[in-house]
Amino acid sequence: MEDVGATIFYDDDEDDCIDYDCMHNVEYDYDYVDTEKENLYELYQYCLSPTLYDTGRYMLPLLGSTILFRLFVHTPYVSHRLFHTLSVIVGLYIIQYYMQECLVILIVFVLLSYGILYIPKKWHGDVGIFLLSLLTIVYCEFSMEPVIWHKVRSVIMTMAMKVISITVDTTDSNDLPDIYSYMSYMFCGVTCLFGPWIPFEDYVSLRTSDIQKWQISYGIGYGFLAFVFLSISNCWTEWIFVNNSWKWLIAYRDALAFRSSHYFISYVASALLILAGFPLSLSTTVRPFHIELPRSLVQVVIHWNIPMHHWLKTYIFRPSIKRLGKFGAVTVTYLISALLHGLNFQLAAVLLSLGFYTYVEFQLRTMLADTFDACVASKQCASARCTHKYTSYNCLWVFMTNMAFSSLTMFHLAYLGLMFDTSDLQETGYSYSHTIDKWAQLDFASHWVALATYCLYFLVK
């Protein structure tokens, strides 16, 4: 953490578009009887079959638009302007079909941001774009019905990320995008709904990239994994962990259901990127294995939403660390992430808690690794380049220490993920009282453990 390229500690949180909010129209509320669990046939008949079938049918227009976009990409007779014009048309159709409530706001936002892009930087720096993005989010927060805002906020957040990245990248350059490529990038039908954020340079170079046909198999595989995680989120977790289980098992169940819904959206986004003709290098949006069996919270943060992790590190953390130091940069990064998701107490509480947790864990484990010359830092060394004397392969206490921190991370994830349950509040956003009540049910255990961890670090540093 001594340089701006070091590992950083923030999470995108549950909403990215890569966010389950985007699929709010495909929700299922199945009541499971605690006294008599359904058999597998009933689970298939009443949950798995309708969930997978209805979701697949709901996504057919998006899949069709993605294939159409791929044809535009690989048709040599389509000119530069025509390609971008067709891309905008496809994107507007997708937004109109799935998120029509925010269509006008997005058009106004994109046009205003393009105008600001051409205002000399000496008059506003990059503050103009950040302010416009924040004002748009605030306007939506207070002008839209809670159900609608909860539905569309991820789309608006993705648009804001695109605008900010272009603005920062062109700060010291006069090479501004033309209106065709800018509008096409902003309204790209492949990324406007579920994301992920991709750099503008990668988007405009899409037509010149060499895409192998065999990569389509990756897209199909991602689609299959998406529906596997959807079934876990909607059906399997409720079936395995019944409602009369121990409260910490219920917490783990709800957190797992939420994480699985996030994996579903992430793999849908990855599948769409591949099927649309984007390079395979841009398709990795999440790594569930590193989250479900984590080495540390830092690892969870990095692999939860890989494109947004890169965005936050590039456009928020690195510029902030030069002025505010490590802790200040971490705080600002999580704060910006929370603001992009809207003025929501629960999201802010979870993100800022996560920021504190990861910072303390990173500092403590770094100190332990340096003191004992052991491979116990938050980020695992590459086996071929590890210079520590003691590792998990040659020392039992190092292995046990890493396992203890891994278990602690899973404990924190169950506690934080409990917030995002399947109550009626999920359609309107979770309130302050909901957050406090959920944590109170678990005696604020995670926060007390984090405080104890900080005290330990403070005493031994």
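Criteria and thresholds
- Residues numbered from 1 in each chain as written.
- Predicted model: local features only at pLDDT ≥ 70, side-chain atom pairs only at ≥ 80, totals over all residues.
- Heavy atoms only, no water.
- Phe/Tyr/Trp six-rings, centres within 6.5 Å; stacked < 30°, edge-to-face > 60°.
- Helix = DSSP H or I, 4+ residues; strand = E, 2+ residues; numbered from the N terminus.
- Buried < 20%, exposed > 50% of the residue type's maximum accessible area, 1.4 Å probe, protein only.
- Core = buried A, V, L, I, M, F, W, Y, C linked by side-chain atoms within 4.5 Å.
- Domains from an automatic or database assignment.
- Contact = heavy atoms within 4.5 Å.
- Salt bridge = Lys/Arg side-chain N within 4 Å of Asp/Glu carboxyl O.
- Expected span 1.5 Å × (residues − 1).
- UniProt positions renumbered as here; feature names shortened; annotations may be inferred.
- Axes fitted to C-alpha atoms, helices over the stretch in contact; angles between N-to-C directions.
- Parallel < 35°, antiparallel > 145°, perpendicular 65-115°, else oblique.
- Disulfide = S-S within 2.5 Å.
- 1 Å grid on protein atoms, 1.4 Å probe; cavity = no way out; pocket = protein on both sides within 12 Å on 5 of 7 lines; lining within 4 Å.
- Points joined across faces, edges and corners; volume = space filled by probe spheres on them.
- Nonpolar A, V, L, I, M, F, W, Y, C, P; charged D, E, K, R; others polar.

Peer 1: Go over the packing of aromatic side chains with me, naming the residues and quoting the values.
Peer 2: Within the structure shown, the criterion is met by 28 aromatic pairs. Relative to Phe264, the ring of Phe227 has its centre 6.1 Å away and its plane inclined at 70°; by these criteria the two rings are edge-to-face. Of this pair, Phe227 sits in helix α10 (residues 216-240) while Phe264 sits in helix α11 (residues 247-276), placing them 37 residues apart in sequence. What makes Phe227 partly exposed here is its relative accessible area of 26%. An aromatic cluster is present here, built from Phe69, Phe83, Tyr185, Phe200, Tyr203 and Phe278 joined pairwise through their rings.

Peer 1: Quick one: what's the story with the nonpolar core, residue by residue and with numbers?
Peer 2: Ranked by internal contacts, the top residues of the largest apolar core, which has 107 residues, are Phe69, Ile95, Cys102, Phe194, Phe278 and Trp311. Of the residues forming this core, the biggest block, 14 residues, is contributed by α11. Taken domain by domain, the makeup of this core includes at least three residues from each of domain 1 (78-209) and domain 2 (287-308 + 352-460). Ignoring anything within four residues of it in the chain, the contact list for Cys102 reads Ile95, Met144, Val152, Val155 and Ile156. If you look at the next biggest cluster of nonpolar residues, it comprises six residues, including Ala369, Ala374, Ala377 and Val398.

Peer 1: Quick one: what's the story with the environment of His388, residue by residue and with numbers?
Peer 2: Summarising the element assignment, His388 is placed in the loop between α15 (345-372) and α16 (396-417). Separated by 16 residues in sequence, His388 and Phe372 have C-alpha atoms that sit 8.8 Å apart. In this structure, His388 is in contact with Ala369, Asp373, Ala374, Cys375 and Cys381, ignoring residues within four places of it in sequence.

Peer 1: Break down the pattern of salt bridges for me, with residues and values.
Peer 2: Taken as a whole and assessed by the stated rule, the structure comprises seven salt bridges. Between Arg253 and Asp254 there is a salt bridge, and its shortest N-O distance comes to 3.2 Å. A residue is classified by how much of its surface remains accessible, and Arg253, at 5% relative accessible area, is buried. Shared partners join several salt bridges into a network, and the residues in it are Glu238, Arg253 and Asp254.

Peer 1: Could you give an account of helix α2 (residues 60-74), with specific residues and numbers?
Peer 2: Over its 15 residues, α2 extends 22 Å from the first C-alpha to the last, a length consistent with the 21 Å expected when each residue adds 1.5 Å. Residues of α2 that are buried: Pro61, Leu62, Ser65, Thr66, Phe69, Arg70, Phe72 and Val73.

Peer 1: Give a detailed account of the UniProt feature "transmembrane region" (unreviewed entry) in the protein, specifying residues and quantitative values.
Peer 2: In the numbering adopted here, UniProt assigns the feature "transmembrane region" (unreviewed entry) to residues 97-117, 129-149, 179-198, 219-242, 262-281, 332-357, 395-419 and 439-460. Here residues 97-117 is 86% helix and 0% strand, with 29 Å between the C-alpha atoms at its ends. Split by type, residues 129-149 is 90% helix and 0% strand. Its first and last C-alpha atoms lie 21 Å apart.

Peer 1: Pulling in residues and values, what's your account of helix α18 (residues 445-460)?
Peer 2: Every α-helix carries 3.6 residues per turn, so stepping three or four residues along brings you back to the same face. Here α18 contains 16 residues, and its C-alpha end-to-end distance of 23 Å stays within 8% of the 22 Å for a straight helix at 1.5 Å per residue. Packed against the buried residues of α18 are α11, α15 and α16.

Peer 1: A description of the side chain of Thr409 should follow, citing residues and the corresponding values.
Peer 2: Turning to its location among the elements, Thr409 is positioned in helix α16. Residue classification places Thr409 among the buried positions, given a relative accessible area of 1%. Among residues more than four places away in sequence, those in contact with Thr409 are Pro294, Arg295, Ser296, Leu297, Val300 and Glu361.

Peer 1: Explain the packing of α11 against α16 to me, and be specific about the residues and the numbers.
Peer 2: The N-to-C vectors of α11 and α16 enclose an angle of 80°; their axes lie 8 Å apart at closest approach. Looking at the two axes, α11 sits roughly perpendicular to α16. Residues Trp248, Ala251, Tyr252, Asp254, Ala255 and Arg259 of α11 pack against Phe411, Leu413, Ala414, Tyr415 and Gly417 of α16.

Peer 1: Outline the state of the cysteines, supporting the account with residue identities and numerical values.
Peer 2: The final tally for this structure, using the stated rule, is one disulfide. This cysteine, Cys381, is not joined by any disulfide, and Cys375 carries the nearest cysteine sulfur, 3.9 Å off. The class for Cys381 is partly exposed, based on a relative accessible area of 26%.

Peer 1: Describe in detail the layout of surface pockets, supporting the description with residues and values.
Peer 2: When its volume is computed, the second largest pocket comes out at roughly 360 Å³. Along the wall of the second largest pocket there are eleven residues; nearest its centre are Tyr315, Ile316, Pro319, Ser320 and Arg323. The leading source of residues in the lining of the second largest pocket is helix α14 (residues 306-340), at eight residues. A class-by-class count of the residues in the lining of the second largest pocket yields seven nonpolar, one polar and three charged.

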